[in-house]
Structures are given as C-alpha cells and as structure tokens.
Amino acid sequence: MPEARNPRSVRLAVAQTPVRDDPRDAEALRESGREVRALMREAGTRGARIVHFPEGAICFPDKLVLSVYGPDAVGPADWDRCQWPVLQSEPAAIAALARELRLWTVIASAHRLTGQHRPHNSLYVISDRGDVVTRYDERLLSKTKVSYLYSPGISPVTFDIDGVRFGCLIGMEIHYPELFAEYEKLDVDCVLLSTTGVSPGAASVQAQGHAAVNSYRVSFSVPTQHSATAPSGVIAPNGDWLERCPTDGTPSVAVVNLDDSSEAAVESVTHARAWRRESRAGVYAEHQVTDPRSQDRTTAFQRRSRIRGIAGTGGLPRREPLGFGSSVWPDLLVLSLLGEGRLTARTWGDGGCRRT
C-alpha cells in the first residue's frame, strides 16, 4: 500500500468549450482548435501550469454523421469520412502553443489506428515542451461507442507535474467507481475527467462523490452546452467545489491551486485518505474476537421466549422460555382508545396481564 505523499502546489486550469459533432467539416474543426488555443493563452496568463479540456474539444463525432446507414440509422462508423489531416494538424498546433507557453495541456481527440481498426477515444497529455508524453484511451465505453465507433483502451494512465500525480478518465467512465478507486491505489492526487454528457446520473454530483470517497481532487471538464446545469470546475478532496466556470455558455477556464496544505485538503488528504488505506490493509483483524453471542445472529437484547395464549385471559399471550433461539419477544404493550377519548394500556409480562 503506497504512502500518501505531500505534493507541492500546482496551478490547474479546467476549461469548457463548445463541442462540434461533424468531423467532415474542416472549418468547424479549425474553429475548435482556435478556441482551444485562445483558452490556453488565458490559462497561461492566469498562471496555470496545466490546462484540461473536455471530451470532444476538437470534435465529438455524431454517431449518425458517421454511420454507414445514416443519417437516420445508427450503424458502423465510416471513419474515412473524417477530415483526418485537420484532426492531426490542430493537435499539432496545440502542442506547439503548449511549448511556447510552457503549459501542460490535456486535450481530447480521436486517435487513429492502423488498417480497419476503429480509433481510440483519447486524451493526449502534452508536456510544457510540446511533446505527447502519454495518452489515455477510454476503456469503459457506452454500448454505441464500443459497438460502432471506437476501440476500447486497456490501462490507466498517470503522469506527474512538480510532484503532483494526475490520472485521466474520459466519457461515460464517470459512472464506474472502480476506475476512480484504481487511481487512488495508484497514488493519484487529481483525476482529470473529460466528458460530453452530464446525464443520466447527475455526472457532476457523481464527480463530487468520487472526489470525497477517494480524498483527491477531480477536474470536471464538460462542453459549454452543459454549463447552465453543470459547468466545468475543480472539486476538492472533501467533495466541495473549489472553482467553477460561468453558467452562461461562455468558453472559459476556472483556475485553482492544487495544494495539500489548503484547508479544503488537510482533513481529507492527511487524515481520511491515510486512515482508509490503513483500514483496508487489515488493521481490524487483530481486534476481531470469537464469541458465541457474536456468532449467533438471532441473539438480541431481550430474553429468548415463545408466546402462547393463556386460558382465562381471552387468548392473551404469555411468554415461555424457548429451548432454541429462533424468536425473541419483548413484553407486549397494547394501547386502546376508549369511547371518551382516553387512552388505556395493557401489558403482558411474566406476571400476566395488567391494565395501566
């Protein structure tokens, strides 16, 4: 079990951008690239060390646009319809600007494979030198994505900036707690989640839950189309929002310092995360006991007994000890409402029936 680390502060910008869905439209793809680079410049001006963009920041291909049966029926995607030269030149321009600004950049795009293999739905991690240092491929795809559009990825991805460790998730992986738990085991300090959808399942609320139960930050990046109900933002390790983008559909970035010495992080990172790791490592085993009352799950706080009717009391119950532990009965209390509105109570215990 890895020890919780104490990383230095890193300034993170999370973006929300318009998402376009037609990969055949070269000019629309170029416009997406221009918007991404404008927000990179804003993030750099505000002192960010890394900027994180949503799924589909350059393009999120519509399943009907690419369908061989389209535009009215979903079917296998014809990726030859895409403007691949533009889908390659725009990320290249983004990488060049990352080098110029000395800004780590995490950008989503389709990653083309060889032959007839479908592409990955990916997040490229571009360093402040403009190099692609790693790439995350969506592993748990939607039924439509895996059936018609993409090849699934196979592994988690982490990378470090100034001692802070990041992990990546994309698309509908927000709905899989095991992926977030996996990154906690990999000693991640912040998960970068890029998605185009915020429903069903209230994705932003789920993201808060994942941050809180794993005691790390989650950067939640979504398109401007969803900003009215779920704008992009960064969630603290206690599940609270640290900062969010505007809700008016404006392309923008929210910028925060990821610092474990902050008040929002101390309790969650220093104490809660460390204790959960210790508890999962088997700390309880030495405190477990062997005791008959622990093993007997029918044992309760009352004396074990069985109820029978008592002659002369109108069939009212009487307790008798049981020779086995199948039932537990307390003294019975019955409240009766008299005609004049007064309450009267009858109880049956070891001494029989009495009115109170």
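These numbers come from a predicted model, not from an experiment.

Colleague: I'm lost on the side chain of S232 in this one. Help?
Modeller: Looking at the element boundaries, S232 is found in the loop between β9 (217–221) and β10 (233–235). The residues touching S232, leaving out its near neighbours within four places in the chain, are V14, A15, Q16, F220, S221, V222, E243, R244 and C245.

Colleague: Where do I start with the nonpolar core in this structure?
Modeller: For soluble globular proteins, nonpolar side chains are generally found buried alongside one another. If you look at the biggest cluster of nonpolar residues, it comprises 42 residues, and the most contacted ones within it are I50, F159 and F166. It is strand β7 (residues 164–170) that provides the largest number of residues to this core, a total of five residues. When near neighbours in sequence (up to four residues on either side) are disregarded, F166 contacts V10, I50, V157, T158, F159, I161, V188, C190, L192 and L258. Formed by 35 residues, the second largest nonpolar core is a distinct cluster that contains A43, A98, V253 and V255.

Colleague: I would appreciate a short explanation of the pattern of salt bridges in the present structure.
Modeller: A side chain with one charge can pair with a side chain of the opposite charge if their charged atoms come near. Evaluation of the coordinates by the stated rule reveals 17 salt bridges. Between R49 and D128 there is a salt bridge, with its nearest N and O atoms 2.9 Å apart. Note that R49 is positioned in the loop between α1 (26–45) and β2 (50–52) and D128 in the loop between β4 (120–126) and β5 (132–137), a separation of 79 residues in sequence. One salt bridge in this structure joins R81 and D78, with 3.3 Å as the shortest N-O distance. What makes R81 partly exposed here is its relative accessible area of 30%.

Procedures and definitions
Residues numbered from 1 in each chain as written. Predicted model: local features only at pLDDT ≥ 70, side-chain atom pairs only at ≥ 80, totals over all residues. Heavy atoms only, no water. Helix = DSSP H or I, 4+ residues; strand = E, 2+ residues; numbered from the N terminus. Contact = heavy atoms within 4.5 Å. Core = buried A, V, L, I, M, F, W, Y, C linked by side-chain atoms within 4.5 Å. Buried < 20%, exposed > 50% of the residue type's maximum accessible area, 1.4 Å probe, protein only. Salt bridge = Lys/Arg side-chain N within 4 Å of Asp/Glu carboxyl O.

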